[in-house]
Every structure is written in structure tokens, then in C-alpha cells.
Amino acid sequence: KGSPLTQTDNHVALLLFMLSHYVADAHMPMHCDSRKDSFLGFDIHAAAEDVWNVEVVRYYKIDRSNQRFVYNESGFPLLVEDDTYADSILKAVEDELVRRPFRVGYGEGNDNVREYMQTVCYYSWLTSLAWLPPGTKKKDVNRAALETAAGLSFRQMSVAALADAIDAVSRVFLHDLRRFCWWKEEAKPL
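Calculation notes
- Residues numbered from 1 in each chain as written.
- Predicted model: local features only at pLDDT ≥ 70, side-chain atom pairs only at ≥ 80, totals over all residues.
- Heavy atoms only, no water.
- Helix = DSSP H or I, 4+ residues; strand = E, 2+ residues; numbered from the N terminus.
- Buried < 20%, exposed > 50% of the residue type's maximum accessible area, 1.4 Å probe, protein only.
- Contact = heavy atoms within 4.5 Å.
- Areas by Shrake-Rupley, 256 points an atom, 1.4 Å probe, with all protein chains shown as cover.
- pLDDT = per-residue confidence, 0-100.
- Core = buried A, V, L, I, M, F, W, Y, C linked by side-chain atoms within 4.5 Å.
- Salt bridge = Lys/Arg side-chain N within 4 Å of Asp/Glu carboxyl O.
- Expected span 1.5 Å × (residues − 1).
- Phe/Tyr/Trp six-rings, centres within 6.5 Å; stacked < 30°, edge-to-face > 60°.
- Patch = residues over 30% accessible without salt bridge, like charges linked within 9 Å, V, L, I, M, F, W, Y side chains within 5 Å.

I'm lost on the overall build of the protein in this one. Help?
Looking only at helices and strands, the protein features 6 helices and 2 strands. Ordered by position from the N terminus, the helices and strands of the protein form the series α-α-β-β-α-α-α-α. A total of 190 residues make up the protein; the buried ones form 29% of that total. Residue pairs in contact within the protein that sit at least 24 positions apart in sequence constitute 65% of those at least 6 positions apart. Total accessible area on the protein stands at roughly 13,200 Å², and carbon and sulfur atoms take up 58% of it.

Would you explain the confidence of the model for the protein in this entry?
Here the protein shows a mean pLDDT of 80. Residues at 70 or above account for 79%. Per-residue pLDDT, averaged within each element of the protein, yields its smallest value for helix α5 (residues 143-147) (61) and its largest for helix α3 (residues 89-99) (95).

Help me out: how do you make sense of the nonpolar core in this one?
Formed by 15 residues in total, the largest nonpolar core has its most connected members in Trp52, Ile89, Val93, Trp131 and Phe154. Where this core is concerned, the elements lending two or more residues are α2 (44-59), α3 and α6 (154-186). Per element, the largest residue contribution to this core is 5 residues, and it comes from α6. Listed in part, the 9 residues of the second largest apolar core include Val23, Ala26, Met117 and Ala168.

Just checking my understanding: could you explain the pattern of salt bridges for this structure?
When charged atoms on two side chains of opposite charge get close, those side chains can pair. With the rule as written, the count across this model stands at 6 salt bridges. With a closest N to O distance of 3.2 Å, aspartate 82 and arginine 58 form a salt bridge. Residue aspartate 82 is located in the loop between β2 (68-69) and α3, and its partner arginine 58 is located in helix α2; the two are separated by 24 residues in the primary sequence. Its relative accessible area of 25% is what places aspartate 82 among the partly exposed residues.

Would you explain helix α1 (residues 9-25) in this entry?
At 3.6 residues per turn, the α-helix brings residues three or four places apart onto the same side. Between its first and last C-alpha, α1 extends 24 Å over 17 residues, near the 24 Å set by a 1.5 Å rise per residue. Residues Ser20, Val23 and Asp25 constitute the buried set of α1.

Explain the packing of aromatic side chains to me, please; I cannot follow it from the model alone.
Any pair of aromatic rings gets described here by the distance separating the centres and the angle formed by the planes. Taken as a whole and assessed by the stated rule, the structure comprises 4 aromatic pairs. One aromatic cluster in this structure is built from Tyr60, Phe69 and Tyr71.

How should the environment of phenylalanine 76 be read in this particular structure?
For phenylalanine 76, the position within the fold is in the loop between β2 and α3. Apart from the residues within four sequence positions on either side, phenylalanine 76 is in contact with Val70 and Tyr71.

For this particular structure, what's the right way to read unusual backbone geometry?
Phi is mostly negative for residues that are not glycine, and the peptide bonds are mostly trans. With a phi close to 50 degrees, glutamine 67 is a non-glycine residue in the positive phi region. Tracing the chain through its elements places glutamine 67 in the loop between β1 (62-63) and β2.

I would appreciate a short explanation of the environment of proline 29 in the present structure.
If you trace the backbone, proline 29 turns up in the loop between α1 and α2. The class for proline 29 is buried, based on a relative accessible area of 12%. Here proline 29 is in contact with Ser124, Thr127, Ser128 and Met157, once residues within four sequence places are set aside.

Just to check I follow, could you spell out a nonpolar patch on the surface for this structure?
Where nonpolar side chains cluster on the molecular surface, the patch consists of Leu14, Leu15, Phe17, Met18 and Tyr22 and spans about 550 Å² of accessible area. Following the sequence through the fold, methionine 18 ends up in helix α1. Residue classification places methionine 18 among the partly exposed positions, given a relative accessible area of 37%.

Even after reading the chapter, I still don't get the environment of phenylalanine 69, so can you show me in this structure?
Locating phenylalanine 69 in the fold gives a position in strand β2. Measuring from C-alpha to C-alpha, the distance between phenylalanine 69 and leucine 79 comes to 9.6 Å, with 10 residues separating the pair along the chain. Every residue in contact with phenylalanine 69, bar those within four places of it in the chain, is listed here: Val56, Tyr60, Lys61, Ile62 and Pro77.

Help me out: how do you make sense of the side chain of arginine 171 in this one?
Looking at where arginine 171 falls in the secondary structure, it is placed in helix α6. A relative accessible area of 12% places arginine 171 in the buried class. What arginine 171 contacts, discounting residues up to four positions off in sequence, is Phe102, Arg103, Val104, Gly105, Tyr106, Gly107 and Tyr116.

Honestly, α2 in this entry has me stumped. Any pointers?
Compared with the 22 Å implied by 1.5 Å per residue over 16 residues, the 23 Å span of α2 between its first and last C-alpha is a close match. Every buried residue belonging to α2 is among Ile44, His45, Ala47, Ala48, Trp52, Glu55 and Tyr59, and all of these are buried.

Next comes the structure, spelled out in C-alpha cells:
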């Protein structure tokens, strides 16, 4: 519904949701690898995302009938009281993001979102190859082997991928917001 020329709030929200989904997906190493990950005997991609989903459902209050988070007064997803949160992957991601300085730009040599996302996808592909080198045989791979693949534990890989995804979504949103504000200011009648 609505005009294709004048976007409604719902149009903008849907576009931002889709953009954030694809930006975040680029940080999952198996999304950027053309090899079939199930050839190793189990779907590594799905297994990793299942671990992350279990943590989200465990530690955040979810409005199950509407399939969305419940938010606190500040607009953040509401945490469930759980003593084990301090040892969770999600808490490690939060701590990593708090420690990081936020940078507005896309890094050296990346002048726009497309170039930035190409770099992210390339890095994710290299991570996938480090975890599962070409020529890896099904008999050589099991969950224990994947736990320390590329010299990283699953937890370390998860924290890096999820924190980088959140950071990237923030950069892209901020970039687009700044462009919109510039466009809005330029479009004012004289």
C-alpha cells in the first residue's frame, strides 16, 4: 500500500529490515562460501545459527504471538533474568561492542556500501576457507574439529561474526541516515 514515490514509515522500516538482514548475513562465513556445507555430514551453517537462536530465545523476552522482542523503556530488547547470561555468547558480544571504538567510515579503500559489503563477504569467505580448507574430507570433520578450526573456538568465531554484523548494520544505517539528512536539507525550498 502507499505511493511508490512517497515512502511510508512501513516501507522504510521494511527496507531497513531487509538491508540489515543482508548486511548481517554477509558476516556468517558459510553464507559467502559456494561449497555445500552439508557435504561434511551436517549443516554447519544451520548448526551455528541454531546455537545463536537458542541463546536469543533464552536470554531475551519474546512476544511469541507476534514473533518479536519485548522492549524496555529505553527501546532495547528486554533481557530475561538469568544468572547464566554472564557466561553467554550474547554477553560476550555485548562486551566486545562496548569495548570497540565506533568508526563511521567503511575502512580504507571502501568508498560506499557496495564496496564495504564486498570486502565483508570476501573476509567471510576467507574465514570459511580457514575453517573448512578446500579438500576437507567428511571423515576428517566432526564438531570437535570445528570447535578449534582456524585457531578459533566456536564461541570466539560467534563473538567476532555477531559483533562485526552489529557494527556493520550500525555503519550502514548511520551512513544512510546522514545521506537522508543531507538530501532533506538540500531539498528545502529557498
